[in-house]
Amino acid sequence: MKNSYKNLIYLLLAIFATWQAWELSRDNTNGAVSSTSKIASDVGIDILQQGGNAFDAIVATGFALAVTSPSNGNIGGGGFLVAHTADGKSVSLDFREKAPRLSYQQMFLNENGDYDRTVALESHKSSGVPGTVNGLLKILNDYGSGKLTLEEILAPAIHYAENGFIVNTTTAYSFNAYRDQFGKDNGTKKIFIKENEWTNGDVIVQKDLANTLRLIAQFGNKGFYEGKIADLIVEEMNKNGGLITKQDLLDYDSVYRAPVVGTYKDYTIVSMGPPSSGGALVIQMLNTLENFDLKSMKRNSTEFVHLLTETQRLAYADRATHLGDPDFWNNPIEMLTSKEYAKERLTLISMNTATPSSEIAHGTWKDKESVETTHYSVMDKKGNVAGITTTLNLSYGNKKVVDGAGFLLNNEMDDFSSKPGVGNAFGLIGFDANAIQPFKRPLSSMTPTIVLNNNNEAILTVGAAGGARIITAVLQILVSILDHGLEIDEAIDTPRTHSQWLPDQIFYEKESLSKKTIQELKELNHTLEPAKYSIARSHGIQLKNGKFITGSDKRGSRDGNQASTY
Ligand code: DON
């Protein structure tokens, strides 16, 4: 057979296989796992098939992501869980990193008092005390089915670290893109740089990480926060000017927090409260948008983007002043998420012109004064739903591996406001609420969110990566599903815009706005800027008519939908 015919047949077979996989991934009724790594999603499905529940599955997926999605999946970072149990309870767990006891407010300012981006993002000082291991183990212990042991939950992650996993196109591209930065750290270099460039199909083995995971499987929290791994973390810090001490590790504990809850039309929105700003802002913005007839506004039309931008401007102005770690700061959550407050702030929105951000400040409440990240989720057949957003902050965190322990460290300390009014890596500004203090958790934008129907059943779990852009992405996805009737995969793929009060700009994805809309928005006095990188990357699962539909952002993925269902 001529080569060109053979190639055509292979191509047709490949198209058929892709179509079949796509069909299978849409029509499933037993359970679903959505994550950035197909291998990790399959690990979760395998746990469900062994009789585990969504919580067993999400923990196994989380540890697997630390191996197969090292730019964001982690054991050296932190995150948040938002879940809804089959018996109708909403839960959120904060396993965000904490500032070490030796941290101090001006630690990222240079001798001129200016924010030093390199120290804040690339040094060992940029690492907060990791929370992921503590958080995942707590989830398993408190909500797991009890049918699987910790060893069984960790076995797949250990397997892929010990024997290696096959690198896909996305991961190979990412490893190559960060090659220079990996080269600056001995521990990182040994694992993530190989002689030639990485290509799809290569295998990466992470023996040290396998040993670390084995210690966790054997000793639980003590396998990470005490003993050999704690020694290695502290040694890494001491050698390189980092701040984390043995006592910091011993003291770390994740905390259950009341989720923030709001309503939007007939739905209940359950999301993450402080130290994340995400949930409060999403609910605040939905409360504002509820006063408009969004159904009649075309997605990404001039009217829609104008309203969205004005709504976001108000919410992010509040974020900068009002939100911080609840153990240190009195967050006015009741105010921010109340329908009355949204109505009061609404008076600042004109549908005829953009209000300059310089004229918008945070709100106050007259009556009640007191008061590269990754999202993965699991839904099981019984009705348990769990969503986790976790991060090392930037891709691969500060790009430093704890030598001998094989895992990357976060650079989450940059999420604090290092200097009042000066933007962090995401251009987010803040003041006292989010100033650096020992033991405090930096304010996050991570927004794991669950939507409940009026029978108190979870119908949707969604979240995103992308710093400040996470919150506006989750908002737009919710509107696309709840107002415009899209399914989650289309809702995630729909092009997005983003604004965050300061800078006073609308960032837009190329396909989101027509020339005409751009012109019309300019006429309303908006400043527009094409987004240099994607407006967040989102993952989630929707339950519709008894079937699980997975959503997996094509932004940042060269390998298609990485979710699994059965
Ligand atoms: O917690 C936060 O808001 C940030 N550390 C998230 C960072 C992030 O999403 C980077 N991902 N692309």
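Computed from a predicted structure; not experimentally measured.

I'm lost on the domain arrangement of the protein chain in this one. Help?
A common way to express how large an interface is: the accessible area buried when the components associate. With domains assigned, the protein chain is organised as domain 1 (40–251 + 371–434) and domain 2 (257–370 + 446–565). Each of domain 1 and domain 2 was reduced to a C-alpha centroid, and the two centroids are 26 Å apart. At the boundary of domain 1 with domain 2, total buried surface from both sides reaches about 3,900 Å², with 63% on carbon and sulfur atoms. The interface formed by domain 1 and domain 2 includes two salt bridges. Here domain 1 and domain 2 share 13 residue pairs in polar contact (both at pLDDT 80 or more) between them. Here the side of domain 1 that touches domain 2 gets seven residues from one element, more than from any other, and that element is strand E2 (residues 78–84). Split by residue class, the side of domain 1 that touches domain 2 holds 18 nonpolar, 21 polar and seven charged.

How should the site of the ligand be read in this particular structure?
The environment of the ligand is formed by 16 residues, the closest being Glu372, Thr373, Glu412, Asp415 and Ser445. Between a nitrogen atom of the ligand and a side-chain N or O atom of glutamate 412, the distance comes to 2.6 Å. Burial of the ligand by the surrounding chains reaches 95%, relative to a free accessible area of 340 Å². Partitioning the shell around the ligand into residue classes produces four nonpolar, seven polar and five charged. Counting only domains with at least three residues in the shell around the ligand, you end up with domain 1 (40–251 + 371–434) and domain 2 (257–370 + 446–565).

Explanation requested: a nonpolar patch on the surface in the structure shown.
Nonpolar side chains collect at one region of the surface, where Leu8, Leu11 and Leu12 lie side by side and expose about 290 Å² of accessible area between them. Mapped onto the secondary structure, leucine 11 falls in helix H1 (residues 3–26).

What counts, and at which threshold
- Counting of residues starts from 1 at the beginning of each chain's written sequence and follows it residue by residue.
- A pLDDT threshold of at least 70 governs which residues receive local features in this predicted model, and a stricter bar of 80 or more applies before side-chain atom pairs are shown or counted, although totals over entire chains, interfaces and linings include all residues.
- The basis for every side-chain value is the complete set of non-hydrogen atoms in the structure, without hydrogens or water.
- Note that the domain bounds were set by an automatic or database domain assignment.
- By buried area we mean the combined loss of accessible area, with a 1.4 Å probe, across both parts when two parts are placed together.
- Salt bridge, as used here: a side-chain nitrogen of Lys or Arg that lies within 4 Å of a carboxyl oxygen of Asp or Glu.
- The definition of a polar contact used here is a pair of N or O atoms within 3.5 Å, where within protein one atom must be able to donate a hydrogen and the other to accept one, and adjacent residues in sequence count solely through side-chain atom pairs.
- A run of H or I in DSSP becomes a helix once it reaches four residues, and a run of E becomes a strand once it reaches two; helices and strands are each numbered from the N terminus.
- Polar here means any residue other than Ala, Val, Leu, Ile, Met, Phe, Trp, Tyr, Cys and Pro, which are nonpolar, and Asp, Glu, Lys and Arg, which are charged; Gly is therefore polar.
- Distances are taken per atom, and a residue is near a molecule or strand as soon as one of its heavy atoms is within 4 Å of it.
- With residues, only the protein chains shown are counted as cover, and all accessible areas are computed by Shrake-Rupley using a 1.4 Å probe.
- Patches here are clusters of residues that have more than 30% relative accessible area and form no salt bridge, with a 9 Å joining cutoff for like charges and a 5 Å cutoff for nonpolar side chains (Val, Leu, Ile, Met, Phe, Trp, Tyr).

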